[in-house]
Amino acid sequence: MIETKQLQIFVTVVEEMHFSRAADRLDIAQSAVSTQIQKLEQGIGSRLFNRNKRQPLSLTDAGHLFYQEALSALRHVERAEEVGRMAAQGITGIVRLGFVASAVTSGVLATALKEFRKNYAQISLAFNPMETPRQIDALATGEIDVALVRPRRNYSSELITRTIHRERLFVAMAQDHKLSKKSELHAADLCDETFVLPQFNEPEGFSETLNRLGMIGNFTITSFFRVPDFLSAISLTAGGYGVALVPESVKSLGQPGNAFLPVSDFSEEAQLAIIYRKIEPSRAARSFVSSILNTYPALD
């Protein structure tokens, strides 16, 4: 097995083309240089140098070919050492990130990534868009390292959550909807509406928010369409299928045909939270969490 030390000695001898000068440069005895070169030649089964007292030291054909490979091997070793040091410092590796669509539309994800890249450009990111319940499960099982979600009431004791962003809620509706021209929209105005609900099969989330909206307006939502995301929701509202309660940033999706109105007597906000493991073995993941919390200080 060829050792890195032998390669380093060989390259130095080639660069100096003199055993004594190579020994001085390496700060070792000339006999040690000669011994290592001999072991190297024995290991590969070929002479690497032409040795003749009457002529300067020179490389054999095998030596020329081996020199290029030795340089490449040493560069790989140096790179491996560098990556190892960087990984130990949390500045390389990979972070598997889960996020809801609102992390994109709100600009939180883009800003977080831009700030993270300033100090950790060597860290790779794997993106996993998925709904909140799926992210929480994936985080617990180790499928992802960090989650950007809509907050929930309860989490595993092994997870930490921090709310990092809030935004107003608006009601999306078709531009020609009878309520779209109101100067001030109240919760009670929505009592007869069909709601488009971006909601997954769970008891928490926007369905709870809608129920609280109904309580303020003194009505119960009985007619609704269930869709997988906000983009689908505002596509339906633009088509006149109903109204949807959405975060303000959804307006940035640019779906034509919609009007967006705030509800004057409903002050709840949409929240975005970061969730991560309490005990996180990956320094890269810890660096990502730290970067996000520096960019978006926790609100809770």
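Look up: the structure comes first, before these words.
Calculation notes
- Residues numbered from 1 in each chain as written.
- Predicted model: local features only at pLDDT ≥ 70, side-chain atom pairs only at ≥ 80, totals over all residues.
- Heavy atoms only, no water.
- Helix = DSSP H or I, 4+ residues; strand = E, 2+ residues; numbered from the N terminus.
- Contact = heavy atoms within 4.5 Å.
- Buried < 20%, exposed > 50% of the residue type's maximum accessible area, 1.4 Å probe, protein only.
- Polar contact = N/O pair within 3.5 Å; in protein donor to acceptor, adjacent residues only side chain to side chain.
- Salt bridge = Lys/Arg side-chain N within 4 Å of Asp/Glu carboxyl O.

A. The arrangement of the environment of A70 in detail. Within the secondary structure layout, A70 lies in helix α4 (residues 61–88). With 63 residues separating them along the chain, A70 and L7 place their C-alpha atoms 6.0 Å apart. What A70 contacts, discounting residues up to four positions off in sequence, is L7, F10 and V11.

B. Structural view of the side chain of R150. With respect to the secondary-structure elements, R150 resides in the loop between β5 (146–149) and β6 (159–174). Since its relative accessible area comes to 10%, R150 is described here as buried. There is a polar contact of 2.6 Å between the side chain of R150 and the backbone oxygen of Q271.

C. Region of the structure containing unusual backbone geometry. We note that M17 has phi near 50°; this positive angle belongs to a residue other than glycine. With respect to the secondary-structure elements, M17 resides in the loop between α1 (4–16) and α2 (19–26). With a phi close to 60°, D27 is a non-glycine residue in the positive phi region. Along the chain, D27 turns up in the loop between α2 and α3 (30–44).

D. Representation of the pattern of salt bridges in the model. Enumeration according to the criterion identifies 15 salt bridges in this entry. Notably, a salt bridge pairs R21 with E16, separated by 3.6 Å at the nearest N-O pair. By relative accessible area, E16 is classed as partly exposed at 23%.

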